[in-house]
Amino acid sequence: TTGPPSQSPMEWLGTWEYQFQDATGNAGPIQRFKIRRELHEIVFEQEIPDGMVSGVLLPREGNLAEAQLRLQDGRPYGSILLRLAGKEVLVSRMKPEGALTYGAEVAANKVSGPASRRKKGGCLC
């Protein structure tokens, strides 16, 4: 099975949400992504303005997982690096296609899934 390192894949599966803030501290819209099992793989997927992006998560050093993301039509979109940072908190870093480095860390909270007991409307810490 491919997928996240060391932790149980069940901890990674589910729907996650995050929210960006602009330079003035105003919150943007809540964004969501899913991590799901597909046969023997763990798949990251997110709906974006250009359509759906997805990729298979592969383990990396340091309890990280990485996915090469593609749009539905097969065009490369970039890659995402994920790590489980606590109970039902997942930290991600995005690297757009053609970029040399990953961007800033973004914390996402689990809102549904096999291990989630979080109630809707909770903190987006």
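Note: the structure precedes this text.
All values reported here derive from a predicted model rather than from experimental measurement. (Residues numbered from 1 in each chain as written. Predicted model: local features only at pLDDT ≥ 70, side-chain atom pairs only at ≥ 80, totals over all residues. Heavy atoms only, no water.)

1. Topic: the overall build of the protein
Here's step 1: Helix and strand content of the protein: 1 helix and 9 strands.
Here's step 2: Ordered by position from N to C terminus, the α and β elements of the protein give α-β-β-β-β-β-β-β-β-β.
Here's step 3: Out of the 125 residues in the protein, the part that is buried amounts to 36%.
Here's step 4: Put simply, 34% of the contacts in the protein that link residues at least 6 apart link residues at least 24 apart.
Here's step 5: In the form shown here, the protein has an accessible surface area of approximately 7,500 Å², with 53% of it arising from carbon and sulfur atoms. (Helix = DSSP H or I, 4+ residues; strand = E, 2+ residues; numbered from the N terminus. Buried < 20%, exposed > 50% of the residue type's maximum accessible area, 1.4 Å probe, protein only. Contact = heavy atoms within 4.5 Å. Areas by Shrake-Rupley, 256 points an atom, 1.4 Å probe, with all protein chains shown as cover.)

2. A short note on unusual backbone geometry
Here's step 1: For Leu39, which is not a glycine, the phi torsion comes out positive at approximately 55°.
Here's step 2: Within the fold, Leu39 resides in the loop between β2 (27–38) and β3 (41–48).
Here's step 3: Judged by relative accessible area, Leu39 falls into the exposed class, the value being 75%.
Here's step 4: Positive phi, normally seen in glycine, also occurs at Glu88, with a value near 65°.
Here's step 5: The buried category is assigned to Glu88, whose relative accessible area is 15%.

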